[in-house]
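Structural description and commentary
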Amino acid sequence: RWFGRYPSVWHVALGTHHQDTGVRRMKLITGVNRPVLGGMAVLKPFDVAAHSPDGYMFTRWLAGMPWWTPLVMLAVIGLYPSIAYAQTSFTTGDAFGALWRWMPFLLGSGFLFNVLISFWAMVIGTLAGAALGLGQISPFAPLRAFCWFITQLFRNSPWLVILFIVLLALPFEFTLFGQTIRVPDWMKGVFGLSLPVMANISEVVRGAVKSVPTAQWEAAESLAFSRRQILWQIILPQCFKRMLPPWMNWYAILTMATPLCSLLGIEEIITLSRQAMESEDNHPELLVPFFGLALLLFFAYCYPIARLTMWLERKFTVKL
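To keep things clear, this report deals only with the structure shown in the data block. Residue positions are given per chain, counting from 1 as you read along its sequence in written order. Only residues with pLDDT of 70 or above have their local features reported here, since the model is predicted, and side-chain atom pairs are shown and tallied only from 80 upward, although totals for entire chains, interfaces and linings are computed over all residues. Note: side-chain values were computed over all heavy atoms of the structure, leaving out hydrogens and water.

1. Remarks on the overall build of the chain
Put simply, the rule is: Helix numbering and strand numbering both begin at the N terminus, where a helix is a DSSP run of H or I of at least 4 residues and a strand a DSSP run of E of at least 2. Exposure categories follow from relative accessible area, calculated using a 1.4 Å probe and restricted to protein chains: below 20% of the type maximum is buried, above 50% is exposed, and the middle band is partly exposed. We call two residues in contact whenever any of their non-hydrogen atoms come within 4.5 Å of each other. Per-residue and other accessible areas follow the Shrake-Rupley method at a 1.4 Å probe size, with only the shown protein chains counted as cover for residues.
The helix and strand tally for the chain stands at 13 helices and 4 strands. A total of 320 residues make up the chain; the buried ones form 36% of that total. In the chain, once contacts between residues fewer than 6 apart in sequence are set aside, the share between residues at least 24 apart is 73%. As displayed, the chain has an accessible area near 20,100 Å², and 68% of this comes from carbon and sulfur atoms.

Quick look at the structure:
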């Protein structure tokens with residue numbers, strides 16, 4: 001009834017308009033003067049690179065620190081005890097004096113032992129992880145499934161839980177040909193830390209092999225190369241420089257994980273620091289200097305590794 005009373009509005013709504021010279025049809029443009037009917041939303045392309053996890057997140061954070069960071073940390077370590085414990089009889093100078101007396105012991109028998117544990121755990125983890133990674137690309141399906149299961153099991157398990165299981169499951173001694181051989185705790189710590197490293201190195205090896213273009217496999221097969229020849233002579237030599245940066249990244253992470261061994265009673269820098277503080281009557285002022293020294297030692301050891309890792313990553317980046 002309303003449209004009948006106002007015919008001009010009716011004609012505009014229908015897309016027509018009366019003039020004295022006749023009727024002219026107006027053109028309806030979807031999205032301009034007519035709503036979209038039944039259209040679907042347009043999705044923008046998904047940026048895979050922007051949403052993929054960054055395996056170098058910790059290394060980038062560590063390498064991004066300026067060179068003067070240890071100096072600031074040392075200043076904070078020196079100022080905080082003097083402010084927090086200004087009213088006690090055991091002064092900050094006494095705490096740093098005790099640290100100076102114990103420093104040769106903490107360095108020689110403590111931190112170097114952490115480095116030794118990380119070295120052997122990385123050697124064992126690299127060898128076992130390389131074999132496990134090659135097993136994940138094996139054409140033999142049962143072997144491939146077994147290697148995948150072992151990789152995922154230790155890759156997604158807490159390191160501390162693995163250490164406790166290894167410490168409690170392995171015997172402290174065994175008899176071989178009538179000889180009793182003791183298994184020290186630090187060997188159990190090395191073996192326990194090598195298991196998660198093995199799983200992550202396995203993924204590094206598998207990913208590096210998969211990153212080589214398939215055209216190289218096909219070209220080698222066309223020249224009658226066997227699978228063993230293709231892997232050892234063509235594929236793996238190209239994978240070495242691709243695996244080196246993540247391998248160094250995992251070594252830095254492993255080195256900083258060695259203080260977990262202190263929870264198992266293994267005598268490394270954290271355990272020896274606690275023993276030294278107990279020998280100095282457990283004054284609260286000793287906490288920051290002793291543990292601050294451990295922090296600076298790990299930073300000074302891992303920071304150059306992080307910088308070198310980032311440099312190698314830029315150098316060996318595959319440019320498409």
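2. Thoughts on the packing of aromatic side chains
The following threshold applies: Pairing of aromatic rings covers Phe, Tyr and Trp, the last through its six-membered ring, and needs centres within 6.5 Å; plane angles under 30 degrees mean stacked, over 60 mean edge-to-face, and all others mean tilted.
This model, assessed by the stated rule, comprises 8 aromatic pairs. A ring pair is formed by Phe113 and Trp186, whose centres lie 5.9 Å apart and whose planes are at 70°; its orientation type is edge-to-face. Linking Phe113 in helix α6 (residues 92-136) with Trp186 in helix α9 (residues 185-211), this pair joins segments that are 73 residues apart in sequence. A relative accessible area of 27% means that Trp186 is categorised as partly exposed. Ring centres of Phe299 and Tyr303 lie 5.1 Å apart, and the angle between their planes is 20°; on these two criteria the pair is classed as stacked. On the criterion of helical spacing, the pair formed by Phe299 and Tyr303 is a turn pair, its members being 4 residues apart in helix α13 (residues 287-315). Tyr303 matches Phe299 in its accessibility class, with the two residues each being buried.

3. What to know about the pattern of salt bridges
Put simply, the rule is: Put simply, a salt bridge is a Lys or Arg side-chain nitrogen that is within 4 Å of an Asp or Glu carboxyl oxygen.
This model, assessed by the stated rule, comprises 2 salt bridges. A salt bridge links Arg101 to Glu280; the shortest N-O distance between them is 3.1 Å. With Arg101 in helix α6 and Glu280 in the loop between α12 (269-279) and α13, the pair connects residues that are 179 residues apart, well separated along the chain. Classification of Arg101 as exposed rests on a relative accessible area of 54%. Residue classification places Glu280 among the buried positions, given a relative accessible area of 16%. Residue Arg206 is joined to Glu203 by a salt bridge in which the shortest nitrogen-to-oxygen separation is 3.2 Å. With a gap of 3 residues between them, Arg206 and Glu203 both fall in helix α9, about one helical turn apart.

4. Focus on unusual backbone geometry
Excluding glycine, residues mostly have negative phi values, and the peptide bonds linking residues are mostly trans. For Asp281, which is not glycine, the phi dihedral falls at a positive 70°. For Asn282, which is not a glycine, the phi torsion comes out positive at approximately 55°. Following the sequence through the fold, Asn282 ends up in the loop between α12 and α13.

5. So, the layout of surface pockets
What counts is decided by this rule: Think of a 1 Å grid over the protein atoms and nothing else: a 1.4 Å probe that fits but is trapped marks a cavity, an open set flanked by protein within 12 Å on at least five of seven lines marks a pocket, and residues with an atom within 4 Å of a point count as lining. Grid points are joined across faces, edges and corners, and a volume is the space filled by probe spheres set on the points. Only Asp, Glu, Lys and Arg are considered charged in this grouping, and only Ala, Val, Leu, Ile, Met, Phe, Trp, Tyr, Cys and Pro are considered nonpolar; every other residue, Gly among them, is considered polar.
The computed volume of the second largest pocket comes to approximately 280 Å³. Around the second largest pocket, the lining residues are Thr126, Leu127, Ala130, Leu134, Ile201, Val204, Val205, Leu236, Phe240, Met243, Leu244 and Trp247. Residue assignment for the lining of the second largest pocket shows that the elements contributing at least two residues are α6, α9 and α11 (227-257). Considering every element that reaches the lining of the second largest pocket, the biggest residue donor is α11, with 5 residues. Of the residues contributing to the lining of the second largest pocket, the split by class is 11 nonpolar, 1 polar and no charged.

6. Digging into the packing of α6 against helix α7 (residues 141-155)
The condition that has to hold: Axis geometry follows a simple rule: fit a line to the C-alpha atoms, using only the stretch in contact for helices, then measure angles between N-to-C directions, giving values from 0 to 180 degrees. The scheme is simple: roughly parallel for angles under 35 degrees, roughly antiparallel for over 145, roughly perpendicular for 65 to 115, oblique for anything else. Each helix crossing is assigned a hand: it is left-handed if the near helix lies turned anticlockwise from the far helix by less than a right angle, otherwise right-handed if that turn is clockwise.
Contact geometry for α6 and α7: axes closest at 7 Å, N-to-C directions at 130°. By the angle between their axes, α6 is oblique relative to α7. Viewed along their axes, α6 and α7 form a crossing whose handedness is left-handed. Each of Leu132, Gly135 and Gln136 in α6 lies in contact with α7, whose residues at this interface are Leu143, Arg144, Cys147, Trp148, Ile150 and Thr151.

7. What to know about the side chain of Ser202
Under the convention used in this document: Counted as a polar contact is a pair of N or O atoms within 3.5 Å, where, for protein atoms, one must be capable of donating a hydrogen and the other of accepting one, and residues adjacent in sequence contribute only when both atoms are in side chains.
Relative to the elements of secondary structure, Ser202 occurs in helix α9. Polar side-chain contacts of Ser202 include one of 2.8 Å to the side chain of Gln136. Among residues more than four places away in sequence, those in contact with Ser202 are Gly129, Leu132, Gly133, Gln136 and Thr151.

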